Amino acid sequence: MENKWELKWMAWEITSKCNLKCVHCRSSSDIHSPEGKFTLERCYKLMDDISEFAKPVIVLSGGEPLLRKDLFDIANYGTEKGFRMCMATNGVLVNDEICRKIKESGIKIVSLSLDGSTKEIHDDFRGQAGAFEGVMNAVSLFKKYNIQFIINSSFTKRNQHDIENTYKLAKSLGATAWYMFLIVPTGRGEDIMNELVSKEDYEKILNWHYEMERDENEILVRPTCAPQYYRIWHERSKQEGRDTDRRSLTFSTGGGKGCIAGQTICFINSEGDVYPCSYFPFPAGNVFKEKLKDIWYNSKLFADLRNFKAYEGKCGVCKYLGVCGGCRARAYAVDGSYMKEEPFCDYVPLNYKK
């Protein structure tokens with residue numbers, strides 16, 4: 001059973017400090033927040049423990065990871081341990097010295113957050129004037145130093161009108177990939193329930209993404225935190241005679257599902273708490289109390305998420321359960337149980353009875 005649930009990707013909040021106030025953030029941190037419990041020695045110890053059972057991609061995040069002075073010591077140690085080290089940043093603090101350190105530490109790719117095609121839209125979403133210029137400056141420097149970058153874009157009602165323009169901008173900037181995030185309400189996000197994209201618009205946006213992706217061959221594009229996209233992909237691909245079996249393997253990072261939280265990925269916050277993903281409301285355990293390996297393979301929360309047949313409502317009887325699974329964090333935020341059906345999915349299985 002252990003081999004089936006291989007940890008392949010891990011986001012790690014190495015600091016809770018942040019220099020922005022994003023509307024969708026899971027945290028209420030700011031630049032004056034405590035660093036967290038991960039001393040440099042504890043960072044090394046965690047990577048030692050992980051190396052004993054897995055070799056995941058490790059994404060150093062925050063908060064804003066560039067606010068941590070020993071960030072590149074952590075990255076370098078991970079590189080030496082054989083991990084593929086990456087970093088997620090809002091871009092504001094990127095400069096020439098940072099770029100040189102990124103290269104020296106072995107960080108392979110950096111993700112940048114871009115939530116609009118103009119400074120007005122992006123800065124409004126990020127809660128700070130100048131945030132857009134920070135991203136553009138970071139892009140310019142990454143190109144100068146030949147650093148690969150991807151662009152993550154998050155959307156709510158306030159910026160959903162700009163999705164297509166944001167995608168086009170990400171492509172024109174030379175990003176390796178563009179990931180479209182449809183917000184899951186958690187942390188600060190609990191206060192933006194009325195800003196969430198409607199269920200009807202959600203479906204339209206995912207169908208737009210399908211049509212865009214079908215014709216896209218220059219940049220990797222993928223909707224994130226939108227597992228029902230894979231139901232749409234299979235439905236429409238079958239209608240168009242596309243190779244759904246081969247494509248579904250491309251989608252899967254393991255487990256063969258749209259939502260892979262707690263199946264092949266996890267998130268560790270600055271207090272050492274281990275979550276299925278960064279949007280989940282409560283942890284499966286804490287790395288300062290037990291090893292990550294034990295949490296990964298033995299926690300009740302992760303066991304629940306891997307028990308697909310126990311999913312409730314429409315999800316539990318849906319023929320697309322194997323490629324979708326619904327968002328467990330969104331189910332919890334809306335209905336109070338992470339095992340309930342995905343609340344933002346319009347699809348009704350033929351065999352579903354309320």
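All values derive from a computational prediction rather than experimental measurement.

**A few points about the overall build of the protein**
Then, in step 1: Secondary structure assignment for the protein yields 13 helices and 10 strands.
Then, in step 2: In the protein, which comprises 354 residues, the share counted as buried stands at 57%.
Then, in step 3: Partitioning the intrachain contacts of the protein with sequence separation of at least 6 by distance along the chain shows that 70% fall at a separation of at least 24.
Then, in step 4: If you sum the accessible surface of the protein, you get close to 15500 Å²; carbon and sulfur atoms cover 48% of it.

**Describing the pairing of strand E7 (residues 220-224)**
Then, in step 1: Burial along E7 is one-sided: Val221 and Pro223 are buried, and none of Leu220, Arg222 and Thr224, which face the opposite way, are.
Then, in step 2: As judged from the five bridges shared by strand E6 (residues 177-182) and E7, these two strands associate in the parallel manner. When the sheet's bridge partners are listed, Phe181 is paired in E7 with Thr224.

**Brief notes about the packing of helix H4 (residues 119-126) against helix H5 (residues 131-144)**
Then, in step 1: The N-to-C vectors of H4 and H5 enclose an angle of 110°; their axes lie 7 Å apart at closest approach. Classified by the angle their axes make, H4 and H5 are roughly perpendicular. Residues Lys119, His122, Asp123 and Arg126 of H4 form the contact with H5, whose own contacting residues are Ala131, Phe132, Glu133 and Val135.
Then, in step 2: Of the residues in the contact of H4 with H5, the class split is three nonpolar, one polar and four charged.

**With respect to the environment of Pro343**
Then, in step 1: Its location among the elements puts Pro343 in the segment after helix H13 (328-335).
Then, in step 2: With relative accessibility at 14%, the residue Pro343 sits in the buried group.
Then, in step 3: Here the alpha-carbon distance between Pro343 and Arg328, two residues 15 residues apart in the chain, equals 9.7 Å.
Then, in step 4: Once you skip the residues sitting within four places of it in the chain, Pro343 turns out to touch Lys199, Arg330, Ala331, Val334 and Asp335.

**So, the confidence of the model for the protein**
Then, in step 1: Per-residue confidence for the protein gives a mean pLDDT of 89, with 89% of residues at or over 70.
Then, in step 2: pLDDT under 50 marks residues 246-256. Its contacts with residues more than four places away, or in other chains, come to 19 contacts.

**Describing the pairing of strand E4 (residues 109-113)**
Then, in step 1: Counted residue by residue, E4 has five buried out of five residues, so it is predominantly covered.
Then, in step 2: Burial along E4 is two-sided: Ile109, Ser111 and Ser113 and Val110 and Leu112, pointing in opposite directions, are all buried.
Then, in step 3: Bridge count between strand E3 (residues 84-89) and E4: four bridges; the pairing is parallel. Bridge pairing in E4 places Met87 opposite Val110.

The rules we used
Residues numbered from 1 in each chain as written. Predicted model: local features only at pLDDT ≥ 70, side-chain atom pairs only at ≥ 80, totals over all residues. Heavy atoms only, no water. Helix = DSSP H or I, 4+ residues; strand = E, 2+ residues; numbered from the N terminus. Buried < 20%, exposed > 50% of the residue type's maximum accessible area, 1.4 Å probe, protein only. Contact = heavy atoms within 4.5 Å. Areas by Shrake-Rupley, 256 points an atom, 1.4 Å probe, with all protein chains shown as cover. Pairing = 2+ DSSP bridges. Axes fitted to C-alpha atoms, helices over the stretch in contact; angles between N-to-C directions. Parallel < 35°, antiparallel > 145°, perpendicular 65-115°, else oblique. Nonpolar A, V, L, I, M, F, W, Y, C, P; charged D, E, K, R; others polar. pLDDT = per-residue confidence, 0-100.

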